[in-house]
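As a plain string of letters, each chain reads:
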Amino acid sequence: MKKAGRLIGRILVGGLILVLVAAAGGVFYFKSYLPNNVAKESFPQIEGEIKLEGLEGQVDVYRDAMGIPHIYATTTHDLFFAQGYVHAQERFWQMDTWRHIGSGTLSEMFGEGQVKTDSFLRTLGWKNVAEQEWEQLSPEAKAIAQAYADGVNAYLKDHDGTAVSLEYAVVALLSPDYKIAPWTPVNSLTWGKAMAWDLGGNMDDEIERAILLKTLSPEQLAELYPPYPQDYPVIVSTIGENVSNVGSQTTNTVSNFQLSTFNFQPVAENLSLLETVLGPSGPDIGSNSWAVAGKLTATGQPLLANDMHLGIQMPSIWIQNSLHCMPKSDTCPFDVTGFSFAGVPGVIAGHNDRIAWAFTNLGPDVQDLFIEKVNPENPNQYEVDGKWVDFETRKETINVVGGEPVEITVRISRHGPVISDTYGPLKDDVDPEDPKAVPFKDEAGVELPQNYVIALAWTALTPNTPFEAIWGFDQAQNWEEFRTAARMWSVPAQNLLYADVDGNIGYQTPGTIPIRKNGDGTLPVPGWDSEYDWTGFIPFDELPYVFNPESGFIATANNQANPRDYPYLITQDWDYGQRAARIVAMIENAPGKIDAEYIKSIHGDSKSLNAEVLVPILLSVNLDPELATVRDQYLSTWDYQETADSQATSLFEWFWSNLLTDTFKDDLPEEYWPGGGSRWYVVMRGLIQRPDSPWWDDIATADKVEYRDDIFARAFEETIAQIQKEYGKDPAKLPAWGELHSATFRNQTLGKAGISLIEDLFNRGPFITGGGKSIVNATGWSVGESFEVDWLPSEREIVDLSNLNNSIAIHTTGESGHAYHPHYDDMAPLWANVEYYPMWWEQESIINDSEGHLILKP
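As the structure is a computational prediction, the values presented were derived from the model and not from experiment.

**Student:** Looking at this structure, how should I read the pairing of strand 16 (residues 494-500)?
**Tutor:** Counted residue by residue, strand 16 has seven buried out of seven residues, so it is predominantly covered. Alternating positions in strand 16 separate into two faces, Gln494, Leu496, Tyr498 and Asp500 on one and Asn495, Leu497 and Ala499 on the other, with burial throughout. Pairing of strand 9 (residues 355-361) with strand 16 involves seven bridges; the strand directions are antiparallel. Paired with Trp357 across the strands is Tyr498, a residue of strand 16. Pairing of strand 16 with strand 17 (residues 505-508), which is carried by four bridges, proceeds in the antiparallel orientation. Its bridge partner lying in strand 17, Ala499 is registered against Ile505.

**Student:** Explain the sheet that holds strand 21 (residues 545-547) to me, please; I cannot follow it from the model alone.
**Tutor:** The strands making up a sheet associate through hydrogen bonds between their backbones, and the pairing can be parallel or antiparallel. Spatial ordering of the open sheet is given by 1-30-2-3-6-7-8-9-16-17-21, a layout of eleven strands whose pairing is mixed. The sheet is open, and its two edges are formed by strand 1 (48-51) and strand 21, each paired on a single side. The mean inter-strand angle of the sheet, taken between neighbouring strand axes irrespective of direction, is 15°. Running over the sheet, helix 13 (residues 466-475) touches strand 7 (335-340), strand 8 (349-352), strand 9 and strand 16 and is turned about 145° from strand 9.

**Student:** What am I meant to see in the environment of Phe81 here?
**Tutor:** Take Phe81: it is sitting in helix 3 (residues 76-103). Judged by relative accessible area, Phe81 falls into the buried class, the value being 1%. Between the C-alpha atom of Phe81 and that of Asp150, which follows or precedes it by 69 residues, the distance is 6.2 Å. Discounting chain neighbours no more than four positions away, the residues touching Phe81 are Leu52, Glu53, Gly54, Leu55, Ala147, Tyr148, Asp150, Gly151 and Ala154.

**Student:** Would you take a moment to explain the packing of aromatic side chains for this structure?
**Tutor:** Between two aromatic rings, the relevant description is the distance of the centres plus the angle of the planes. The final tally for this structure, using the stated rule, is 44 aromatic pairs. On the basis of an interplanar angle of 90° and a centroid distance of 5.0 Å, the ring pair of Phe80 and Phe334 is categorised as edge-to-face. Highlighted residues: Phe80 in helix 3 and Phe334 in the loop between strand 6 (319-325) and strand 7, separated in sequence by 254 residues. You can call Phe80 buried: its relative accessible area is 0%. Phe334 sits in the buried class, given a relative accessible area of 1%. Relative to Phe341, the ring of Trp98 has its centre 6.3 Å away and its plane inclined at 85°; by these criteria the two rings are edge-to-face. A residue pair is termed long-range when its members are at least 10 positions apart, and Trp98 in helix 3 and Phe341 in the loop between strand 7 and strand 8 qualify at 243 residues. An identical accessibility class is assigned to Trp98 and Phe341; each is buried. These aromatic residues form a ring-pair network of at least three members: Trp357, Phe359, Phe473, Trp479, Phe482, Trp489, Tyr498 and Phe547. Looking at Lys142, its charged tip hangs above the ring of Trp134, at a distance of 5.2 Å from the centre.

**Student:** What am I meant to see in the state of the cysteines here?
**Tutor:** Two cysteines, two sulfur atoms, one covalent bond between them: this is a disulfide. Tallied over the entire structure, the rule returns one disulfide. Through a disulfide, Cys325 is tied to Cys332; the S-S separation comes to 2.0 Å. With the S-S bond torsion at -80°, the cross-link from Cys325 to Cys332 turns out left-handed. For the pair formed by Cys325 and Cys332, the shared burial category is buried.

**Student:** Whenever I open this one, the packing of helix 19 (residues 647-664) against helix 21 (residues 708-727) confuses me. Can you help?
**Tutor:** A pair of packed helices can be characterised by two numbers: the angle between their axes and the separation between those axes. At a minimum axis separation of 8 Å, helix 19 and helix 21 run at an interaxial angle of 125°. Considered as vectors, helix 19 and helix 21 are oriented oblique to each other. Crossing hand, helix 19 versus helix 21: right-handed. Residue-level contacts link Leu651, Trp654, Phe655, Asn658, Leu659, Asp662 and Thr663 of helix 19 to Ile711, Phe712, Arg714, Ala715, Phe716, Glu718, Thr719, Ile720, Gln722, Ile723 and Tyr727 of helix 21. A class-by-class count of the residues in the contact of helix 19 with helix 21 yields eleven nonpolar, four polar and three charged.

**Student:** Where do I start with helix 15 (residues 578-588) in this structure?
**Tutor:** Because each turn of an α-helix spans 3.6 residues, side chains separated by three or four positions in sequence point in the same direction. Of all eleven residues that make up helix 15, nine are buried, and the element is covered over most of its length. Looking at the packing, one finds that the buried side of helix 15 touches strand 4 (287-292), strand 5 (303-311), strand 22 (553-556), helix 16 (596-603), helix 17 (609-620) and helix 20 (678-687).

Conventions adopted
Residues numbered from 1 in each chain as written. Predicted model: local features only at pLDDT ≥ 70, side-chain atom pairs only at ≥ 80, totals over all residues. Heavy atoms only, no water. Buried < 20%, exposed > 50% of the residue type's maximum accessible area, 1.4 Å probe, protein only. Helix = DSSP H or I, 4+ residues; strand = E, 2+ residues; numbered from the N terminus. Pairing = 2+ DSSP bridges. Axes fitted to C-alpha atoms, helices over the stretch in contact; angles between N-to-C directions. Contact = heavy atoms within 4.5 Å. Phe/Tyr/Trp six-rings, centres within 6.5 Å; stacked < 30°, edge-to-face > 60°. Lys NZ or Arg CZ within 6 Å of the ring centre and 35° of its normal. Disulfide = S-S within 2.5 Å. Parallel < 35°, antiparallel > 145°, perpendicular 65-115°, else oblique. Left-handed = near helix turned anticlockwise from the far one by under 90°. Nonpolar A, V, L, I, M, F, W, Y, C, P; charged D, E, K, R; others polar.

Here you go:
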């Protein structure tokens, strides 16, 4: 969370503190007046009637006991109009923030402190692509998006400022000139680009590999990026009959190319800007899903489970809702419930009257960095196969609230936008005084560019139609119709899991996944040589899929999706499979027929396969008797379940953090010290088999050589010393895991201001919880920074295909985006304890459980 305060902290500290100092009642204003008076202005009307211009007929909106809206309309137009209206009622601040992120216009909301972030977002050009996508949508899709936007604007017509959300009271102090703009369909489409960025590639790993090659040999780097384990499951085990024999694409053939001489740090810094506004990213942030066929369940019909992992935030990234055509017909074909993004029409994941579907991130490699040679005599030209060609350019004007506009020029190569402004001789990029630096090697045999920039090729920068796929899923009635909709899904490519009321289960890999002439996407490549270009995309019919497997279940957890002999390259950077292995083991070893209660136990399972491997080694290490007593007391009988009340978990994870740091801090740059998680579990699992590996040796101790047990002992000694310094020497005072590993939900913008008066308005927590990285109950944290939860299961869902009304769900905070509303944080305790509420389907159940009935009329 180090970078979180950067978002608006600079402008808040510089401006709002002055306001508070000047105003004698400043503390009263934030502590009492805003919560007790202003906050209620934005609470949504949930009873009575509202007349709205633009509706064609009456719409009924029932909100159940959790505040979840269930919308009933007679036309498709009215259904999505009402969804837009309700989303604006509940979450417009979130929608407004997201559209400013997606459009690169944060400076219009928060001022000059966001110009650098906006410059990078404009360089990527998300809004430009979304505008092209809008033009390419089918008439039916345009009608849905426009109806939704009209519904949002119908709400905004009669609401402004604090009547929309409490956050605008703070914005009024920071940026008095800020005005809420009308919603447009393109605003909905831009959020798809933000999610594609969050889930869509391996660029961080690509940059990390390139930077590490400055100090490591290719062989050492390979040890830190091992192949996917042979003993962990893949999603699809056999190649389909439609797959061509295209030959292996998994070999990196980039040779004689000295990446050690290039400076990738500016690109890494640009990427960190988006981590600030979108939250942490990386291969460890994934999801779980599994479908179990009727032959294994107590009901004789499928059960489908999902929990999607995303960065922690306030309010929840999801808004739950249902959309019902009354009656359902060819002209109004929607009858669907589940989880949506505020600002986006339709239901992203959930079920309709016939099928259920779930998402986990596939994580394909759809981003490549190309190093472009720049003409030293004309910076507007770059080389392609020996010839200079002009960059395409685009002017962007960044409007700054309270300041002057800023104009930037974006350069675009044939591969994509230039995302670095790095120029200059390569020799200048290597510090000759740095003993770790690899010097420029004239003998490399390749003519290296004297000036260069780095361009990004990314499938999301080509117009695509993911929301048409979503609306297709919402309507699909069977496997064939579901796959037809999946053909329209391009980015971010997801694992699509399927089940239906006829007893079928299935899995489909969708998405636009590039085929490369050379290379495997793990390292930046020469942009001046077309031998490294993309040549096309994997045909949809040759992407992995399976329907009604003999095993009776399908499990996905960001692990390798394709068969081991699959001829195409999807990625080299899978999650390494610990969660998938545990889910599969629990399904295969179920004590009887599987029911919803057993699915709940899988959702909440907190067994650490990492601890299961490392603790026996630690128990065998010779330690000081006092230390050994503490170790044995907590770890010798531990079941490796990282539950909230477990003291053993606290001891182990503290030790794990020290073990990683002590092993690798002398070998790696500090910014690339291990962060824990899936890959590092596999790295360490291999390393402990070689007790005399050079990685164990601490190069800072020149007079001795350390081995595995030495580093294990050192890490444990440090752990006990740190715990005793923090909590005292009494072993009984060792904190339980939930005390260290709690979840605090923070507003994405104002909740990270660095000013407690503001943060206290919007943030909620801490909530004690269990789980951890690469555990089924996947609550992430950052080694070396904090044990605090920084990403998590953003929702949990169990769909019962034998009786849809028995389905259950939860998401993280609450349905409302309004601070101090009863539904702002009422889900958080349930989420922390892996509990659920009914996911009502039948109208009678919804009405019986409703706390409000709002009628919208023309």
